[in-house]
Amino acid sequence: MAKPPCEHFDSESLKTANEAVCEECVKTGDSWVHLRTCQTCGGTHCCDSSPNKHATKHFHATQHPVVISAEPGEQWAWCYEDERFMKY
């Protein structure tokens, strides 16, 4: 049986990255692997494969539940609260 849609994610009003950079890594001169964009505030941060894991740190600091991939051609979201992967 398929899971019902995540109540935290609205694919009709996506926030996308203004720049293809991790906002936090730029401040410290660090690098990243992939980028995720927060669907609450629009901030773009690095993924858990990156050394600093800023997207997950952002969730823990703010409780903003959903990020989408900021990588070209990828159309998926992750809800930290529901621990759910969603394609859109």
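Use the structure listed above.
Source: prediction; values computed, not measured. (Residues numbered from 1 in each chain as written. Predicted model: local features only at pLDDT ≥ 70, side-chain atom pairs only at ≥ 80, totals over all residues. Heavy atoms only, no water.)

Participant: Looking at this structure, how should I read the pattern of salt bridges?
Facilitator: Opposite charge on two side chains makes pairing possible when the charged atoms of those side chains draw close. For the structure shown, the criterion picks out 1 salt bridge. Between K27 and E24 there is a salt bridge, with the nearest N and O atoms lying 3.2 Å from each other. A residue pair is termed a helical-turn pair when its members lie 3 or 4 positions apart in one helix, as K27 and E24 do in helix α1 (residues 23-28) at 3 residues. (Salt bridge = Lys/Arg side-chain N within 4 Å of Asp/Glu carboxyl O. Helix = DSSP H or I, 4+ residues; strand = E, 2+ residues; numbered from the N terminus.)

Participant: Looking at this structure, I do not really get the state of the cysteines. What am I missing?
Facilitator: Each disulfide consists of a covalent bond between the sulfur atoms of two cysteine residues. Taken as a whole, this structure holds 0 disulfides when the rule is applied. Counting only cysteine sulfurs, C79 is the nearest neighbor of C6, a cysteine outside any disulfide, at a range of 3.5 Å. (Disulfide = S-S within 2.5 Å.)

Participant: Where do I start with a negative patch on the surface in this structure?
Facilitator: There is a patch of like negative charges on the surface, built from E7, E81, D82 and E83. Note on placement: E81 falls in the loop between β4 (76-79) and β5 (84-87). (Patch = residues over 30% accessible without salt bridge, like charges linked within 9 Å, V, L, I, M, F, W, Y side chains within 5 Å. Areas by Shrake-Rupley, 256 points an atom, 1.4 Å probe, with all protein chains shown as cover. Lys, Arg positive; Asp, Glu negative; His and termini not counted. Charge placed at Lys NZ, Arg CZ, Asp CG, Glu CD.)

Participant: Is there a simple way to think about the pairing of β4 in this case?
Facilitator: Look at any regular strand and the pattern is simple: side chains alternate between the two faces of the sheet. Of the strand pairs in this sheet, strand β3 (residues 66-69) and β4 are connected by 3 bridges, and their pairing is antiparallel. Across the sheet, V67 pairs through a bridge with W78, a residue of β4. The hairpin formed by β3 and β4 contains 6 residues between the paired strands, and G73 there has a positive phi angle of roughly 85°. Bridge count between β4 and β5: 4 bridges; the pairing is antiparallel. Bridged to C79 within β5 is R84. Taken together, β4 and the strand that follows it, β5, pair antiparallel across an intervening segment of 4 residues, in which E83 is found at a positive phi of about 50°. (Pairing = 2+ DSSP bridges.)

Participant: Whenever I open this one, the packing of aromatic side chains confuses me. Can you help?
Facilitator: Ring pairs (aromatic) are described by centroid distance and by the angle formed between their planes. Under the definition given, this model contains 3 aromatic pairs. Ring geometry for F9 and Y88: centres 5.7 Å apart, planes at 55°, overall tilted. In this pair, F9 is assigned in the segment before α1 and Y88 in the segment after β5, connecting sequence segments 79 residues apart. Overall, F9 belongs to the buried group, its relative accessible area being 17%. Looking at Y88, the relative accessible area reads 28%, which means it is partly exposed. Seen from their ring centres, W76 and F85 are 5.4 Å apart, and the 35° between their planes marks the pair as tilted. Under the relative-accessibility criterion, W76 is labelled buried at 18%. (Phe/Tyr/Trp six-rings, centres within 6.5 Å; stacked < 30°, edge-to-face > 60°. Buried < 20%, exposed > 50% of the residue type's maximum accessible area, 1.4 Å probe, protein only.)

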